[in-house]
Amino acid sequence: MSDATNGLQGLPDVHDLERLANEYFSALPASYTPGSTAKAENSYQDFSGHELIKSYSSGSSAHSLPFESERPFERELKNALEALSVTQPTSQLPLVHLAAANESFYYFSAGLQSIPDPLHPPFNVNLVRNDFPILSEQVNGKLLVWLDNAATTQKPRQVIERLSHFYKHENSNIHRAAHGLAARATDAYEEARQKVQHFIHARSPNEVVFVRGTTEAINLVANSWGEQYLQPGDEIVLTNLEHHANIVPWQLLAKKKGLVIKVAPVDDSGQILLDEYARLLNPRTKLVAFTLVSNALGTVTPAQQIVQLAHAAGAKVLADGAQSVSHIRTDVQKLDADWFVFSGHKIFGPTGIGVLYGKEDLLNSTQPYQGGGNMIQDVTFEHSEFHNTPSRFEAGTGNIADAVGLGAAIDYVQKLGIDHIYQYEHFLLQYATRKLEQIPGLRLIGTATEKTSVLSFVLEGFTTVQVGEALSKEGIAVRSGHHCAQPILRRFGVEATVRPSLAFYNTCAEIDLLVAVTSSLKR
Ligand code: PMP
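Residues numbered from 1 in each chain as written. Predicted model: local features only at pLDDT ≥ 70, side-chain atom pairs only at ≥ 80, totals over all residues. Heavy atoms only, no water.

A.B. asks: How do you make sense of the overall build of the protein chain when you look at a structure like this?
C.D. replies: When helices and strands are tallied, the protein chain shows 18 helices and 21 strands. Across the 523 residues in the protein chain, those meeting the buried criterion constitute 58%. When contacts within the protein chain are restricted to residue pairs at least 6 apart in sequence, those whose partners lie at least 24 apart make up 72%. Of the roughly 20,500 Å² that the protein chain leaves accessible, carbon and sulfur atoms contribute 50%. (Helix = DSSP H or I, 4+ residues; strand = E, 2+ residues; numbered from the N terminus. Buried < 20%, exposed > 50% of the residue type's maximum accessible area, 1.4 Å probe, protein only. Contact = heavy atoms within 4.5 Å. Areas by Shrake-Rupley, 256 points an atom, 1.4 Å probe, with all protein chains shown as cover.)

Right, here's the structure in full:
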């Protein structure tokens with residue numbers, strides 16, 4: 001990204017910071033000076049055979065920066081970052097604070113095994129970027145800067161090649177035939193299910209149902225469990241943060257069955273007001289459906305509290321993980337929601353594949369969603385016997401290849417380490433927040449303490465489309481619009497925002513370019 005600020009008036013005070021931050025983030029084993037006391041303690045190969053470093057030991061105190069003697073710029077970087085208040089001693093990191101102060105609120109943070117130094121990501125972002133061919137694309141004559149990750153993520157070569165391998169060597173329908181390719185395809189498909197199981201920490205692969213995506217998963221629950229168990233007058237509690245995919249299916253069901261929908265409000269930062277939420281719960285509440293991370297604001301919701309309160313009221317809970325799954329560790333057992341849903345394309349996998357997790361007993365006691373082949377044990381013209389989950393909810397020929405591709409995407413994320421990804425993105429988010437905040441006339445929408453990967457804003461004097469177009473001219477892809485979450489934007493008095501959203505392959509240089517182009521509009 002050496003030409004990142006070419007032709008643009010970058011923010012002068014951060015120019016050096018950008019270089020330093022990038023050098024820092026790019027500390028390669030190859031650039032490590034032989035003879036240093038610092039050594040890679042825990043290194044492994046990435047998918048391209050490059051060595052990735054998991055952690056370093058400098059032989060000095062736990063919080064000191066490694067390479068200090070060999071790489072003097074690191075002290076400058078530390079000072080510069082401190083001036084922007086994006087770095088603190090490891091013991092005071094916001095993430096650590098979050099985990100310690102709110103452990104029971106944020107189920108994912110309790111799952112963090114170790115807190116790596118955020119200035120020392122355990123993967124090399126430039127090596128990681130090499131795995132994503134599209135990041136070398138030119139758009140409008142500029143190198144692509146993909147900051148639309150909340151809409152969809154880019155795919156690593158490992159996923160693209162896995163799909164190609166499937167069609168070249170394994171393609172067959174599954175479960176039905178006794179021939180060799182059917183066995184290969186079935187094995188690949190069921191292996192992908194197990195990868196999802198382990199990734200989300202489900203008790204059994206039977207709790208993992210492949211669907212088209214988050215939207216289909218929610219519709220499935222509404223039209224099977226909701227249709228079967230909800231009665232007129234029953235209440236569903238949603239939150240103000242929900243994506244339309246977690247509003248409209250419930251509205252359709254409510255209209256059909258005479259249900260009541262209630263909405264938990266948020267405070268001015270965009271965080272759910274837990275006491276207000278608790279007040280909505282009562283014996284008529286049969287379902288709480290909420291998002292773990294808001295796609296419009298980036299708010300990380302107090303998931304464990306929401307689930308516990310709902311269960312105490314006797315309600316079932318559906319957790320929408322579309323925006324959490326690629327950023328935050330998922331542990332469905334710890335979370336204890338009855339259903340957890342996500343889309344493959346938001347976690348570096350293919351479109352058209354997603355997951356409905358459900359507790360096994362619950363899935364087995366729920367009527368099917370669609371009828372057809374694969375989901376039946378026995379059929380006569382009078383009567384059909386259904387399989388248990390997961391086949392029960394996978395009628396017809398599913399998206400076999402893309403399920404396998406999702407498995408490859410999960411392998412990729414697992415190899416980087418979801419906690420490491422969270423840590424790196426958390427740093428990037430803070431870096432971007434501090435810099436965007438400095439642009440005159442820019443209003444960030446969604447300023448909760450607990451956020452991940454989304455920066456929504458409006459810029460005084462410009463429509464969101466104008467900002468989006470100006471960014472696009474420089475190769476930067478962001479979403480401008482209502483993000484399929486109109487109720488929450490209206491809560492903040494706007495109809496649309498510009499929404500840069502981050503992934504682990506984004507860099508400080510890309511954020512600097514975003515900031516430079518946005519601020520140049522005001523000049
Ligand atoms: N929920 C949330 C929070 C989302 O961000 C999205 C996608 N933007 C969805 C649901 C719907 O996902 P999909 O379009 O992949 O079904």
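A.B. asks: Looking at this model, I keep getting lost on the nonpolar core. Mind explaining?
C.D. replies: Most often, soluble globular proteins have nonpolar side chains that are buried together. In this structure, Tyr-277 and Phe-504 are the most contacted members of the largest nonpolar core, which totals 103 residues. Here this core gathers at least three residues from each of two domains, domain 1 (3–147 + 418–520) and domain 2 (160–414). Apart from the residues lying within four places of it in its own chain, the contact partners of Phe-504 are Phe-123, Val-125, Val-128, Phe-132, Phe-348, Tyr-412, Leu-416, Ile-421, Tyr-424 and Glu-425. Listed in part, the 26 residues of the second largest apolar core include Val-211, Ile-236, Ala-254 and Leu-259. (Core = buried A, V, L, I, M, F, W, Y, C linked by side-chain atoms within 4.5 Å. Domains from an automatic or database assignment.)

A.B. asks: I tried to follow the site of the ligand on my own but got confused; where do I start?
C.D. replies: Near the ligand, the surroundings consist of Thr-214, Thr-215, His-243, Ala-245, Thr-291, Asn-295, Asp-320, Ala-322, Gln-323, Ser-343, His-345 and Lys-346. Contact between the ligand and His-243: a nitrogen atom at 3.2 Å from a side-chain N or O atom of the residue. In this structure, an oxygen atom belonging to the ligand sits 2.8 Å away from a side-chain N or O atom of His-345. Residue composition of the shell around the ligand, grouped by class: two nonpolar, eight polar and two charged. (Near = heavy atom within 4 Å. Polar contact = N/O pair within 3.5 Å; in protein donor to acceptor, adjacent residues only side chain to side chain. Nonpolar A, V, L, I, M, F, W, Y, C, P; charged D, E, K, R; others polar.)

A.B. asks: I tried to follow helix α8 (residues 214–229) on my own but got confused; where do I start?
C.D. replies: What sets the pattern is the α-helix's 3.6 residues per turn: residues three or four places apart point alike. Given a rise of 1.5 Å per residue, 16 residues ought to cover 22 Å, and the 21 Å separating the end C-alpha atoms of α8 matches this to within 8%. Of the residues making up α8, those classed as buried are Thr-214, Glu-216, Ala-217, Ile-218, Asn-219, Leu-220, Val-221, Ala-222, Ser-224, Trp-225 and Gly-226. (Expected span 1.5 Å × (residues − 1).)

A.B. asks: Sorry, what's going on with the side chain of Ser-204 here?
C.D. replies: Inspection of the secondary structure assignment puts Ser-204 in the loop between α7 (180–200) and β8 (208–211). What Ser-204 contacts, discounting residues up to four positions off in sequence, is Gln-197 and Glu-360.

A.B. asks: Please explain the sheet that holds strand β10 (residues 260–264) as it appears in this structure.
C.D. replies: Pairing between the strands of a sheet comes from backbone hydrogen bonds, and it takes one of two forms, parallel or antiparallel. Ordered by their spatial adjacency, seven strands build an open sheet running β8-β14-β13-β12-β11-β9-β10, and the pairing between neighbours is mixed. Because the sheet does not close on itself, it has two edges, and the strands there are β8 and β10. Across this sheet, the average inter-strand angle for adjacent strands is 20 degrees, counted without regard to direction. Where strand β9 (residues 235–239) meets β10, five bridges bridge the pair, whose relative direction is parallel. Residue pairing for β10: Ile-236 is matched across the bridge by Ile-261. Across the face of the sheet, α8 comes into contact with β8, β11 (285–291), β12 (316–320), β13 (339–343) and β14 (354–358) while running at roughly 150 degrees to β13. (Pairing = 2+ DSSP bridges. Axes fitted to C-alpha atoms, helices over the stretch in contact; angles between N-to-C directions.)

It is worth stressing that arrangement in space is one thing and function is another; only the former is reported here.
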